[in-house]
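As a plain string of letters, each chain reads:
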Amino acid sequence: MKRYFLFIILAVLIVLSSCSGAKSKETKVIGVSQCSDDAWRRTMNSEMKREASFNPGIEIRIKTAHDSNQKQIRDIESFIADKVDLIIVSPNEAIPLTPVIEKAMLEGIPVVLVDRKISSGKYTAFVGADNYQIGKEVGVYAANLLNGKGNVAEIRGLNGSTPAVERHNGFMSVIGKYPGIQVVYQNDGGWLRKQAKVRMTEALHKNIPIDLVFAHNDEMATGAHEALTVYSGIKKPVLLGIDALPGTEGGIQKVISGILDATFIYPTGGEKAIQTAVHILNNEPFERDNILYTAVVDRTNARVLKLQTDQIIQHQNRISLLNSVLNQNLAKYSSQRILLFGSLLILFLISVLLVLLIRAYSSKNKSNKILESQNIAINKQKEELSEQRDQLIVLSKNLEEATQAKLVFFTNISHEFRTPLTLILGPLDSLEKDTLSAEGKRLIQLMRKNVHVLLKLIDQIIDFRRYENGKMQMYFTFSDLKLFVSQICDSFIEFGKKKHIHFSFTASDEDYTLWFDSDKMEKICYNLLSNAFKFTSENGRIDVHLAKIIVNDESFAQLTISDNGVGISEQHAHSIFDRFYKVDSRASGSGIGLHLTKMLVELHNGTISITSEEGKGSIFTVQIPFKQKEIPVVEQYPTLSSHAVKEDDLMILESEEDISGTVNLQTDKPLVLIVEDNMDVRTYIKSLLIDSFEVIEAPNGQVGLFRAMKYVPELIISDVSMDVMDGFELCKQIKENLSTSHIPVMLLTALALDEQRAIGFESGADAYIPKPFNESLLKIRVRKLIENREKVKAYFQKNLTFGERKENVAEIDKTFITRFRKIIEDKLLDSDLNVDEIGKSLGLSRVQLYRKIKSLTNYAPNELVRIIRLKASEQLLIKTEKSISEVAYETGFSSPSYFTKCFKEYFNESPTDFIKRIK
């Protein structure tokens, strides 16, 4: 079979070779750089293209510099960069273009100069007329016309170009021999008609008779003619030019038309330039200097030459047309040839394929019989494997469900542990402050230590469960990792001294400011250090080192914790970070510490690894990137569904279980409501606050909501997990009820997961403290929440607005005050407006309105109404010329005397004194 395929490939190659025919020589690229775009050079370009068409292996790329040295230099450098095979250049100026032409020669690229030379001899060939000889012939012709006597004006080509210099020198070599001929004006016409017209105008302004004008090309001679036509009454001088191009705008036609008196043929040399280039590219002999000859064209021979050139142009056009037709025929022939050979190839391939198909069919029948027997055996094995796979899937699913059930159980029981631990840790803090014996203090410290150990284990289980559910939130801060780790290590120094372990922390002298979660990083460091101290014996050594490393062009902070403890084998090292893995099943611990550490490191987009040798110690290496690719944000969670609670139901509950005791509303102490279903916890919190606050209690959310509406406390402290109505729903109802929306709510719970915190804050909670809580922290948070409310009241009393206060003022409360003010302002003239009417408009009873306004502003409603009226009267006194009586009645005061009394009490001056002061 392989032989057949090789045969087919060989046949394809032979046919393709035939299709391409005798392959022509590789195409040679010639770059042409013209200095300008005048008629002479356009004629040269046409000649070069026509001549190149006779050489199929030649491609011409023409660029024009438009009389710019810099543009021409860039064009030549682009040809050098493209590695063209040869460059044809008509230099704009000799000196500026010399270096780049020499550079091309150094790169091994031949250079053919046309029309103009450079300032050195480093070029391959030159094609053009002898400009010096042309200048001499113009001089001889001019001397004969003037009979050896007269004034001459010379309009030269571009300064710096070799044709201009050589034509001038040749012309002057003859004119200088005639003392009677004076050159009265010379200037640079830049080879351009417009510039030459300006120069001729300058010469005529000198008022010197001019008998003959010699322009270095026909374009400039035409410009001189245009300048002469403007002046009348002067003798027209003889106009001589150079180029004698054919065509309607050429010099020959201008001689016939009388614009020029004579012009000298300056051969373009386009055909010769291409011929010379082809000789050079084909390594054939060539002339280095190809001098083209000239002749004068005047009225005696202009018409004959024009007829000849017109016939030549016609022949050239016919040649171009024939060349185009020939190219089309060649292309058609080539495509037909390819089609023919392609058809033959297809027929050949079809024949070969038929043979192969016949052989393959017979081979296939044999193979099918073998495969059929093999397939039966494979299907049998597949069925057996499928049964085993299904069994494994069921077993795996059962194991996963059992694991998840265990994790849910552990998580739930961990939450339940927090409440009794609160009741243990709180009294321990109180007992520790009492005067106890040394043994008593030791026992209390031992109890506190083990409570914190339990809390640490609970936190690990909760964190582990949080990660497993994909709800572990990261709170990145841009902080100094070096300072952070050093502070953690400082807390282990005393512990190391007690165990007689040499403990040290070192760091390289680098800036370690990067993004990390301080809480998660503390757990990473604590777990690794605790593990090191646990397995390092007395007089051992633990070293912590922080360094900056580069991995794949990315900067990492590398934290290394090494010890010379017991170490572990390589077999155990591979599994040390697995969930629930323990090296020794009899050892203490949950088996999730290092697994949790690995998860926390990965949440930082970092890595953790271990190097250990049994009996010699272990090295844990953590790498955290300096730049976090993506900083996650905290998710927002929806609030719980609301429960409608009727006031009658709350009254029944209130009557069934009254645990608030006697409430003293006349005291100066702030009133605090504690909502907690655990009576022990409720009693404990009350004992902490009773000295500074008046405390009322509620056993669940429903009773708590009613008592909040009834007593309007300064603060509510509520548990979250309660029957009937939980803390989240209570908080939501408090914040949505107009009469209680201003009351700060502190949620106090064992539910410490981030999603539960999010639900609490979404419900409108002002603070969130997890159980077990610290006694001092609870008191501080309670005091600060009440102080913030007092600051808001003080600000309002001063400004009659909440402004942009940082203290939390609910939007519903801001709206309430705005509505209250609008009611007063809309009924400012109504002196009979009372609190009952305002409360009815706001949907509140008189008592509810009093408590709401008093809680928000520290004013009674009547006081606030009077102040709003007084503020309005102040503006009227300032902005209008109304009398005090008019202002009093317009702001709703019953009499001017009562207005004056109230005004003086609030502003500490009478309305009369106020008007005098402001005016």
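The model shown is predicted, which means the values in this text are computed figures rather than measured ones.

**Q** Looking at this structure, how should I read the environment of glycine 727?
**A** Note that glycine 727 resides in helix H20 (residues 727–736). Linking glycine 727 and valine 745, residues 18 residues apart in sequence, is a C-alpha distance of 9.6 Å.

**Q** Got a minute to help me understand the pattern of salt bridges in this structure?
**A** When their charged atoms lie close together, side chains carrying opposite charge are able to pair. Evaluated as defined, the whole model comprises 28 salt bridges. Two residues, aspartate 75 and lysine 71, come together in a salt bridge whose shortest N-O distance is 3.1 Å. Of this pair, aspartate 75 and lysine 71 both sit in helix H3 (residues 69–81), four residues apart, which is roughly one turn of that helix. By relative accessible area, which is 6% here, aspartate 75 ends up buried. Under the relative-accessibility criterion, lysine 71 is labelled partly exposed at 26%. Note that lysine 735 is salt-bridged to aspartate 766, the shortest N-O span being 3.0 Å. Separated by 31 residues along the polypeptide, lysine 735 in helix H20 and aspartate 766 in the loop between helix H21 (754–762) and strand S24 (767–770) bring together distant segments of the chain.

**Q** Sorry if this is basic, but what is going on with the nonpolar core here?
**A** Across soluble globular proteins, you tend to see nonpolar side chains buried next to one another. Counting residues in hydrophobic clusters, the biggest one holds 41 residues, and the most contacted among them are Leu481, Phe503, Met521, Leu528, Leu529 and Val544. Elements with a contribution of two residues or more to this core: helix H13 (481–498), strand S15 (513–516), helix H14 (518–534), strand S16 (541–551), strand S17 (554–563), helix H16 (593–603), strand S18 (607–613) and strand S19 (617–625). Of the residues forming this core, the biggest block, seven residues, is contributed by H14. Contacts of valine 544, omitting those with residues within four sequence positions, involve Val485, Cys489, Phe503, Ser504, Phe505, Thr506, Leu529, Leu559, Thr560 and Ile561. Listed in part, the 39 residues of the second largest apolar core include Val114, Leu240, Ala277 and Val278.

**Q** What is the right way to look at the sheet that holds strand S22 (residues 715–718) in this model?
**A** To summarise the sheet geometry, strands pair through backbone hydrogen bonds and adopt either a parallel or an antiparallel arrangement. Taken together, five strands build an open sheet; the order of strands is S21-S20-S22-S23-S24 and the sheet is parallel. In the strand order of this sheet, the two ends are held by strand S21 (694–698) and S24, each with one partner. Averaged over all adjacent pairs, the angle separating strand axes in this sheet is 20 degrees, with direction ignored. Bridge analysis of strand S20 (residues 671–675) against S22 gives four bridges, and the strand direction is parallel. When the sheet's bridge partners are listed, valine 675 is paired in S22 with serine 718. Strands S20, S22, strand S23 (745–749) and S24 of the sheet are contacted by H20, whose axis makes an angle of about 180 degrees with S23.

What counts and what doesn't
- Note on numbering: residues in each chain are counted from 1, in written sequence order.
- Per-residue local features of the predicted model are confined to residues with pLDDT of at least 70, and side-chain atom pairs are confined, for both listing and counting, to 80 or more; whole-chain, interface and lining totals are unaffected and use all residues.
- The basis for every side-chain value is the complete set of heavy atoms in the structure, and neither hydrogens nor water enter the calculation.
- Helix and strand definitions here come from DSSP, where helices need a minimum of 4 consecutive H or I residues and strands a minimum of 2 consecutive E residues; each element is numbered from the N-terminal end.
- Here, a salt bridge means any side-chain nitrogen of Lys or Arg that lies within 4 Å of a carboxyl oxygen of Asp or Glu.
- Type-normalised accessible area, obtained with a 1.4 Å probe on protein chains alone, sets the label of each residue: buried when under 20%, exposed when over 50%, and partly exposed for intermediate values.
- The definition of a nonpolar core used throughout is a set of buried Ala, Val, Leu, Ile, Met, Phe, Trp, Tyr and Cys residues joined through side-chain atoms within 4.5 Å.
- The contact definition used throughout considers only heavy atoms, calling two residues in contact when any of these lie within 4.5 Å.
- Between any two strands, at least two bridges found by DSSP are needed for them to pair.
- Fitted lines through C-alpha atoms serve as axes, helices being fitted only where they are in contact, and the angles separating the N-to-C directions of these axes extend from 0 to 180 degrees.

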